[in-house]
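Secondary and tertiary structure notes
Next come the chains, spelled out residue by residue.
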Amino acid sequence: MHQLAKPKLSFWQIWHMSFGFFGIQFGFALQNTNTSRIFATLGADIDSLSILWLAAPITGLLVQPIIGYLSDNTWHPKWGRRRPFFFIGSVLASIAMFLMPNSSVLWMAVFVLWLMDASINVSMEPFRAFVGDKLDASQQTGGFAMQTFFIGCGGVIASLLPTIFTDYLGVSNVPVNGAIPDTVRYSFYVGGSVYFLAVMWTVLLSKEDAPADMNAFLAERAANQGLGNAVKEILGGFFKMPKTMVQLAIVQFFTWVALFAMWVYTTPSIASGVFQSSDAQSSAYQEAGNWVGIMFAMYGGVSAIAAFLLPMLAKVTSRKFVHLLCLAIGGFSLISIFAITSKEMLLLPMVGVGIAWASVLTMPYAILAGALPANKMGYYMGLFNFFVVIPQIVAGVVLGAILKHFFANQSVKILMLGGACMVLAGVLTLFVQDEAEKAIAK
């Protein structure tokens, strides 16, 4: 679907509109790196971790399409369309990040994970639509790449925070009386502050253009008012998805099964296989948790660099080829972890994961943006995230049982399974139609 050409934005305009993702990724990186560690410290068994993690994707399933629908139908003369949701989400997420490391029992940590993930999604989902709103098709790949750059940078710093507090600031990394270590608590405090400030950067320094036909926008918003209309519109979108979106959904399914497996099971895998500990109260297990932060920082850093290289590669090949190549590299890298016993060598497969992560955050959204109607960009971006969270829910339900009954609680085998899913996702990319790229080439 062709959209009217939009004014070309400068580098710094794209920078400002993307900077909020630096803070958003602080939240996600701290969550992804430390949630299994927090749950285990509070007494969770290894085969229950994936079920406990379900709070995050289920929250996304509920929140993302609703926020997308609401932001599409919002316009404020001062705040615009997406920025009110950036602001509200940043306030709520920051509060949740201060609460998370102060959880004293397991059920409290699970509840706060719900709150934190919901809040992050309130501010994150409209950021994807923001690129579609403001950038012409020729700049959209670059716009999503800029978001990926900030996601990588935020992920690096946030993932390293517990190690920085331990090694350079002398903060205790050992649980006392079953409580979350101080290194993790202070990391979340820093993260909550950075989250709010970075999102406010985008809110204050970016502007939004009013709808081209305000009367038509107001008429459509009036027609969409009411809970019944909202539910009908949200659910009805499933049957009106563009063909490209359906094809990408299959790719996303296997991609996000792999990523969920990595986030949930890397800490117990590394603790058991490299640090020789499965006791979450031990200093060795907590040291493994810090090292996983370094590993995740590695893939975040690589993704920040790759974010600017992938669009150039896509210009001389195609976005589909780039995504296939990156997912294959990431999948085989995950599989290779089972053979590594040196903690330093564990950084090598994270390079491959970082290359895949950069593409996951860029190429599917760039391909999709050119296939969506402009007036429903937020809604469809939110709906597309169903295919980010549904595979995580499926993985959360089945991976624990697979681990227990087929893999004898050897969690590294779940990482290998995730790697295989990522390679399969890459192959399935070949079947996606990228009509917008064809139009740009002409």
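Structure's up top.
Quick look at the structure, then. Given the structure is predicted, the values throughout are model-derived calculations rather than measurements. (Residues numbered from 1 in each chain as written. Predicted model: local features only at pLDDT ≥ 70, side-chain atom pairs only at ≥ 80, totals over all residues. Heavy atoms only, no water.)

1. Focus: the overall build of the protein
When you go through the protein residue by residue, the secondary structure sums to 19 helices and 0 strands. In terms of overall size, the protein behaves like a compact globule, its C-alpha atoms giving a radius of gyration of 21 Å where 442 residues would be expected to give roughly 22 Å. By its C-alpha atoms, the protein is 65 × 40 × 40 Å across when sized along the principal axes. Relative to its 442 residues, the protein shows a buried fraction of 61%. Residue pairs in contact within the protein that sit at least 24 positions apart in sequence constitute 83% of those at least 6 positions apart. Accessible surface computed for the protein: about 16,900 Å², of which carbon and sulfur atoms make up 70%. On the protein, the mean spot of the 24 positive side-chain charges and the mean spot of the 20 negative ones are 7 Å from each other. (Helix = DSSP H or I, 4+ residues; strand = E, 2+ residues; numbered from the N terminus. Rg over C-alpha atoms; globule rule 2.2 N^0.38 Å. Buried < 20%, exposed > 50% of the residue type's maximum accessible area, 1.4 Å probe, protein only. Contact = heavy atoms within 4.5 Å. Areas by Shrake-Rupley, 256 points an atom, 1.4 Å probe, with all protein chains shown as cover. Lys, Arg positive; Asp, Glu negative; His and termini not counted. Charge placed at Lys NZ, Arg CZ, Asp CG, Glu CD.)

2. Description of a nonpolar patch on the surface
Taken together, the side chains of I51, I390, V394, V397 and V398 make up a nonpolar region of the molecular surface, amounting to roughly 350 Å² of accessible area. Broken down by element, the residue count for the nonpolar patch peaks at 4 residues, all from helix α17 (residues 386-405). Owing to a relative accessible area of 35%, V398 belongs among the partly exposed residues under this scheme. (Patch = residues over 30% accessible without salt bridge, like charges linked within 9 Å, V, L, I, M, F, W, Y side chains within 5 Å. Salt bridge = Lys/Arg side-chain N within 4 Å of Asp/Glu carboxyl O.)

3. Digging into the pattern of salt bridges
Applying the stated rule across the entire model yields 5 salt bridges. A salt bridge links D434 to R319, with the nearest nitrogen and oxygen atoms 2.8 Å apart. Of this pair, D434 sits in the loop between α18 (412-428) and α19 (435-441) while R319 is found in helix α13 (residues 319-336), placing the two residues 115 residues apart along the sequence. With a relative accessible area of 4%, D434 lands in the buried category. Residues joined in a network through salt bridges with shared partners are D72, R82 and D133.

4. Here's the deal with helix α14 (residues 347-360)
Under the 1.5 Å per step criterion, the end-to-end length of α14 is 20 Å for 14 residues, consistent within 8% with the ideal 20 Å. The buried fraction of α14 is high, at 11 of 14 residues. Within the span of α14, buried status applies to L347, P349, M350, G352, V353, G354, A356, W357, A358, S359 and V360. (Expected span 1.5 Å × (residues − 1).)

5. Notes on the nonpolar core
Within soluble globular proteins, side chains that are nonpolar generally end up buried alongside one another. Counting residues in hydrophobic clusters, the biggest one holds 122 residues, and the most contacted among them are I24, F39, M245, W263 and W357. The element best represented in this core is helix α11 (residues 243-273), accounting for 16 residues. Beyond its immediate chain neighbours, meaning those up to four positions away, I24 contacts I120, S123, M124, F127, Y195 and V199. Judged by nonpolar contacts, the second largest core, of 7 residues, contains A306, V322, C326 and M363. (Core = buried A, V, L, I, M, F, W, Y, C linked by side-chain atoms within 4.5 Å.)

6. Digging into the packing of α11 against helix α16 (residues 377-384)
Between α11 and α16, the least distance of the axes is 11 Å, while the angle of their chain directions is 35°. Of α16, the residues touching α11 (which contributes M245, L248, A249 and Q252) are Y380, L383 and F384. Its residues assigned to classes, the contact of α11 with α16 comprises 6 nonpolar, 1 polar and no charged. (Axes fitted to C-alpha atoms, helices over the stretch in contact; angles between N-to-C directions. Nonpolar A, V, L, I, M, F, W, Y, C, P; charged D, E, K, R; others polar.)

7. So, the packing of aromatic side chains
Counted according to the given criterion, the structure contains 28 aromatic pairs. Ring centres 5.2 Å apart and planes at 80° place the aromatic pair F253 and F254 in the edge-to-face group. Taken together, the ring pairs connect F11, W12, W15, F19, F22, F26, F149, F150, W201 and F308 into an aromatic cluster. In this structure, K343 packs its charged tip against the face of W291, placed 4.8 Å from the ring centre. (Phe/Tyr/Trp six-rings, centres within 6.5 Å; stacked < 30°, edge-to-face > 60°. Lys NZ or Arg CZ within 6 Å of the ring centre and 35° of its normal.)

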